[in-house]
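Chain by chain, the residues:
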Amino acid sequence: MATSYFPTLADAIGMVWPGPAPEVVRIDGFVRAGDGGDAVYIRFDGTVPPPPSNIVINGNFSNDSSNGWTLDGFYVENNRLKSQAGSSKKIAKQDVPLVAGKKYRLTFVVAGRSEGRWAAYVSSTIGAESALVDFGTTESCDVVFTASYGQRGLTIAGEAMPGSASGAPTFNGSIDTISIVELIDEGLQLFGGQAYLPVPLNGVFRPEMFGGGFGSNDDVAIRSLIKRTNSLLLAGNDVRIEMSRRYQCSEARHVLFVPESRNVTIEGKGSGVIDLSTASTTLTSAWLEVRGPGYDGFAEGQALKTTLAAAAKAGDTSLTVADATGFRMGDWIAVTSTHDYFSGIRTYDKTADEGERAQNVSGYAPICKGELIQTRNWIVTDDTVALGNGLTHFFPIEGGGVNVRRIVMAGRFVLEGLNAIGPGISSGGGGGDDVGTGFLHVRHFALAEEKHLTTENFLSFSAKYTLCGAISMDTPKTVGARYQNNPLSSQWFYGRELNGCGRAAINSPIGEYCRRAIDLHETPPGLLASDRREGEAVITQNVQMTGGYSVSCRTMPGGHFSINTQLTGHVGFDCGGQLRGKNVRWTAVSCNRGIGIGIPENSDPDTYPFMNPGQGTVELIGCTFRNEVKVTDPEDPLSFGLQVRQGIDRLYVEGCTIMGQIPVEFTGRTQSNVTIKGGLISGLDRPEDPIRPVIAFRNIGTSPAEASANQAEFDADPDAPHGDFWFEGKDWLTQKASASSILIEGVHLRNGTVGILHEGCKDQDVRNVHIIRSVFENIDVCHVRFLRNEGSIWAADGSLELRDNAEVGTVPTQKVDFGPLVVNASGNNFGNAPMIVSIVGTVLAVPDKAVGETLTIQLPSGTATVESVTGLKQGQKVIISKAGGGVISFMKTGNLFIGDQRDLIGSSDRLVLAGGASGSVVLLAFAPNSVVS
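Bear in mind the structure is a predicted one, so any value in this text is a computation, not a measurement.

1. Focus: the sheet that holds strand 15 (residues 194–199)
Sheet strands line up and pair through hydrogen bonds in the backbone, either parallel or antiparallel.
Right, on to step 1. If you walk across this open sheet you meet the five strands as 1-2-3-15-14, and the pairing is mixed. Two strands bound the open sheet, and with one partner strand each, they are strand 1 (3–6) and strand 14 (189–191). Sheet twist, expressed as the average angle between the axes of neighbouring strands with direction ignored, equals 35 degrees.
Right, on to step 2. Relative to strand 3 (residues 39–43), strand 2 (residues 24–27) is paired through four bridges, and the arrangement is antiparallel. Bridge pairing links Val24 to Ile42 in strand 3.

Structure representation (structure tokens):
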């Protein structure tokens, strides 16, 4: 194969071939990126394509004609598109022959604008939302975009400025010379009149190999590189790109379309920098999107979907579907419910009237169950899809359908050793709090690997991974606002976002001055499928994050719409410690701020009018949350160590150090099955507040009587204002549903007015509360308090236990506050007291849930006869006394084997019984200590 060598691209362009043009041209060196050097070109013997033409019909409005356009609020005059007077939105649209995957340049000229803004959209024919490609108040539009599947239309709009009041004026200028031109440059060069195309050098493409075309900085080279890479990918090649130098770019929306099973590698060699500091701060789009086929594919007719024909349980390894035709072994599939709720919060401005409520939705919209899973075995029958591992979710089909879609995956994506700098915060207005150019979006890959990527100053997002089967990250670092910008930290500046991924292993995630280093989400609307229904999504699952740190971030790594995640050995400095998602395990995590389970804006149950968003099982092992912030303003909430704001299936805390003004607090609706073992839970100092407990179970809600009264008030006058806790005519301040099955064992509780406060429950009995072998230090008011509020319900079965605890340091005068509740309090060095039990008829029923080798019971004053004792377990002993007044006689009848009748006359008498075989009760001792006059 004939090869000619040239020192620079200019030398090759100026060459006159003395004979036949060689098949290969090698350019040795380069001066700067984009000059075409350090490259290999192969002869292109086909027809050189002519310059592309404008695909917009009548973009010049010739002869004052609107031919080809549909106008609403615009009219044509003097060969220009002009806006009519008024505040309504103006629209000019036409269908244009866009082709998915191709890159286009949109331009037009604006004149005479003094109000509102212009905007340009490409619209979809498949029901998806139109995509905003540019907007502004300038005198021209010049933007490059890549067409996506289903996009067929162009819309030019005249709009009011963002944030304007209703009725604000819209765009009032004129527009002409509208043009859309396909960009076909792949780096083609003419050497001696012969066309040549660049090919990978040693299997690698570099931006330095490409040049030519419109634009400034390195956008020209990147644009040609992407176009040429797409040609090679669609021809069935794997591609490797090396970006080892600094590239100054402002143009975004580059897209690599990667066919099924094809691989893409981008290497920065540790020195590569993509500098997007001059990119848009008002339009949100990725600088580079790397996209596999997904559900919709790259052309119409590629989507494959069926539905579940039978319910699928968590752990099932096969699906019974309506039709398995077309599904293959190894396919990735998205199983998504259209009706069965997973999580989410939707809140309302409760003071707004009904018409305003729809405009005041906030929080996180309800999302249904969904997961990404792979088929690893052959399809068994025409209606069965076999899976490689068990399902995470239970998918019922009663009440709505469950879709099963094939997600066609590209092969492996690798990005390594690259740095990216974003545009930061808009200083010119027009942008929101979380908009602007992002760096990277990777979609539909079986495996995505990211190694040593540092992103900085991207307000909207840094890197997203959507519907990827497996993800591996090593030292992903996100820096928020740059030091020379203000503010240094922000509630935005997102790090890595995982949107509906199957599994992930993330080593040493780092976040500095950003929202969070790792954000776990569902698939956003529009990215799952063109026919997605509202609420349908894939939940990110099975994520392991190890090591790393977060500095001045809004929260630690995690996410609302995730399930089965672990965070191990991560350290937070001055970070909010929000813990989110379902089934979360934190091990050896430390933070010098409090940890909240659930989001702070929705800490009370009354903010969940439609559903109760639970956290599943949460485990905290060997963690340290030392929130030593001392809040002194009475208007501000006190600092906390661990605040459980949402419902849980189970909370397990072991060996943790937790500190705050209120160290541990439960405020959610369903909060049973809590275990706290070992560790230190401490207030900050000797509190001055009347009630500042070390551990508090709050009961927030109205009693049934209050709810009934409120409903009667509403029925009497539905149109009258009804306070803060009404929604569509109902009292929706949700009551505490459950707060039972609590074990606090071997814990050191320190520095509080109350050691453990439980305010009860109004929906069901509080039972199985065990406080054992713990130490109470420096408690001012009382060690344990069980409140008996109106409507609060407490079990009387002996399952409330205070056993083998100790007090040290400064001790309170009142040890416990149980009132008349049946509490088994024994073996403590404080507050031991018998359980108060009444006789029913002639039967003394020992609380059957009371545990311990020896129980103590006190009977009320009065006269009664006992003929049988029930509930006493074999070998268990009970010491029985009575309050003064009257006589209680135990008869030697029924199951009582006590020798003679035994009478308890005064408060000093004691009767000791033991449980025998077959329900019998035997006498161990009787002490008639009372003095009878």
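Still to come is the rest of the account.
2. Side note on the side chain of Gln661
Right, on to step 1. When you line up the elements, Gln661 lands in the loop between strand 49 (657–659) and strand 50 (662–666).
Right, on to step 2. What makes Gln661 buried here is its relative accessible area of 4%.
Right, on to step 3. For Gln661, the side chain forms a polar contact with the main-chain oxygen of Val631, separated by 3.1 Å.
Right, on to step 4. Polar contacts involving the side chain of Gln661 include one to the main-chain amide nitrogen of Ser639, which spans 2.9 Å.
Right, on to step 5. Ignoring sequence-local partners within four residues, the contact set of Gln661 consists of Val629, Lys630, Val631, Leu638, Ser639, Leu684 and Arg692.

3. Some words on helix 2 (residues 219–234)
Right, on to step 1. If you check helix 2, its first and last C-alpha atoms are 22 Å apart, about what 16 residues at 1.5 Å a residue would give, namely 22 Å.
Right, on to step 2. Within helix 2, 14 of the 16 residues are buried, which leaves it mostly tucked inside the rest of the structure.
Right, on to step 3. Two residues or fewer after helix 2 comes Gly236, characterised by a positive phi angle close to 95 degrees.

4. Some remarks on unusual backbone geometry
Right, on to step 1. One non-glycine residue, Asn564, lies in positive phi territory at about 65 degrees.
Right, on to step 2. On the accessibility criterion, Asn564 (27% relative accessible area) is partly exposed.
Right, on to step 3. One non-glycine residue with positive phi stands out, namely Asn778, at about 55 degrees.

5. Focus on the sheet that holds strand 20 (residues 286–291)
Right, on to step 1. Here six strands make up an open sheet; going across it, the order is 18-20-28-31-34-37 and the pairing parallel. Each edge of the open sheet carries a strand with a single partner, namely strand 18 (254–257) and strand 37 (518–521). Taking the axes of each pair of neighbouring strands and ignoring which way they run, one obtains an average angle of 10 degrees across the sheet.
Right, on to step 2. Looking at chain direction, strand 31 (residues 463–466) and strand 34 (residues 496–499) are connected through four bridges and run parallel. Following the sheet pairing, Ala463 is matched in strand 34 by Arg496.

6. As for the pattern of salt bridges
Between side chains of opposite charge, a pair can form when the charged atoms approach closely.
Right, on to step 1. One pass over the structure, following the stated rule, counts 44 salt bridges.
Right, on to step 2. Asp519 is the salt-bridge partner of Arg580, the closest N and O atoms lying 3.2 Å from each other. With Arg580 in the loop between strand 41 (571–573) and strand 42 (582–587) and Asp519 in strand 37, the pair connects residues that are 61 residues apart, well separated along the chain.
Right, on to step 3. What makes Arg580 buried here is its relative accessible area of 4%.
Right, on to step 4. Salt bridges sharing common partners tie together Lys305, Arg405, Asp531 and Glu536.

7. Some points on the confidence of the model for the protein chain
Right, on to step 1. Overall, the prediction assigns the protein chain a mean pLDDT of 85, with 86% of residues at 70 or greater.
Right, on to step 2. Note on residues 601–612: pLDDT under 50 across the span, and 43 contacts to partners over four residues away in sequence or across chains.
Right, on to step 3. Of the regions scoring below 50 in pLDDT, residues 721–734 engages in 45 contacts with residues more than four places distant in sequence or in other chains.

8. Let's talk about the environment of Tyr341
Right, on to step 1. Note on placement: Tyr341 falls in strand 23 (residues 332–347).
Right, on to step 2. According to the relative accessible area criterion, Tyr341 is partly exposed, its value standing at 25%.
Right, on to step 3. Remark: the alpha-carbon pair of Tyr341 and Gly370, spanning 29 residues in sequence, is separated by 9.7 Å.

9. Quick notes on the nonpolar core
Right, on to step 1. Core analysis: the largest hydrophobic core is formed by 119 residues, its most contacted members being Phe439, Trp586 and Ile695.
Right, on to step 2. Per element, the largest residue contribution to this core is six residues, and it comes from helix 2.
Right, on to step 3. Membership of the second largest hydrophobic core comes to 27 residues, among which are Phe61, Trp118, Phe145 and Leu154.

10. Brief notes about the pairing of strand 70 (residues 877–882)
Right, on to step 1. Here strand 67 (residues 854–859) pairs with strand 70 via six bridges, running parallel. Each residue of the ladder has a partner; that of Ile857, found in strand 70, is Ile880.
Right, on to step 2. As defined by bridge partners, strand 70 adjoins strand 74 (residues 910–915) across four bridges and the pair is classed as antiparallel. Residue pairing in the sheet places Val878 in a bridge with Leu913 of strand 74.

11. As for the side chain of Asp797
Right, on to step 1. Turning to its location among the elements, Asp797 is positioned in the loop between strand 59 (775–786) and strand 60 (800–803).
Right, on to step 2. With a relative accessible area of 13%, Asp797 lands in the buried category.
Right, on to step 3. For Asp797, the side chain forms a polar contact with the side chain of Ser799, separated by 2.7 Å.
Right, on to step 4. Every residue in contact with Asp797, bar those within four places of it in the chain, is listed here: Arg767, Pro847, Asp848, Lys849 and Ala850.

12. Details of the environment of Leu288
Right, on to step 1. Looking at the secondary structure, you find Leu288 in strand 20.
Right, on to step 2. By relative accessible area, Leu288 is classed as buried at 4%.
Right, on to step 3. Setting aside its immediate chain neighbours within four residues, Leu288 contacts Ile226, His254, Leu256, Ile266, Phe439, Leu440 and His441.

13. So, the environment of Val181
Right, on to step 1. On the secondary structure map, Val181 appears in strand 13 (residues 174–182).
Right, on to step 2. The spatial distance from the C-alpha of Val181 to the C-alpha of Ser53 is 6.0 Å, given a sequence separation of 128 residues.
Right, on to step 3. Every residue in contact with Val181, bar those within four places of it in the chain, is listed here: Pro52, Ser53, Asn54, Lys103, Tyr104 and Arg105.

14. Side note on the pairing of strand 51 (residues 674–677)
Right, on to step 1. Pairing of strand 48 (residues 650–654) with strand 51 involves four bridges; the strand directions are parallel. The residue of strand 51 that forms the bridge with Tyr652 is Thr675.
Right, on to step 2. Where strand 51 lies against strand 56 (residues 742–745), four bridges are found, and the strand directions are parallel. Opposite Lys677, over in strand 56, you have Glu745 as the bridge partner.

The rules we used
- Per chain, residues are indexed from 1 in the order of the written sequence.
- Local features are withheld for residues below a pLDDT of 70 in this predicted model, meaning they are given only at 70 or higher, and side-chain atom pairs are given and counted only at 80 or more; totals for whole chains, interfaces and linings count all residues.
- To obtain the side-chain values, all non-hydrogen atoms of the structure were used and water was disregarded.
- Any two strands between which DSSP finds at least two bridges are classified as paired.
- Secondary structure elements follow DSSP: runs of H or I of four or more residues count as helices, runs of E of two or more count as strands, with numbering from the N terminus.
- Note on definitions: angles span 0 to 180 degrees between N-to-C directions of axes, and those axes are lines fitted to C-alpha atoms, for helices only across the stretch in contact.
- Only protein chains enter the accessibility calculation, which uses a 1.4 Å probe; a residue whose area is less than 20% of its type maximum is buried, one above 50% is exposed, and one in between is partly exposed.
- Within 3.5 Å is the distance limit for a polar contact, defined as a pair of N or O atoms, with the added protein rule that one can donate a hydrogen and the other accept it, and that residues adjacent in sequence qualify only through two side-chain atoms.
- Only heavy atoms matter for contacts: two residues are in contact if any of them lie within 4.5 Å across the pair.
- Every helix has an expected span of 1.5 Å times one less than the residues it contains.
- Salt bridge, as applied in this entry: a Lys or Arg side-chain nitrogen positioned within 4 Å of an Asp or Glu carboxyl oxygen.
- Confidence scores labelled pLDDT are given residue by residue by the predictor and lie between 0 and 100.
- Here, nonpolar core refers to any group of buried Ala, Val, Leu, Ile, Met, Phe, Trp, Tyr and Cys residues whose side-chain atoms link them within 4.5 Å.

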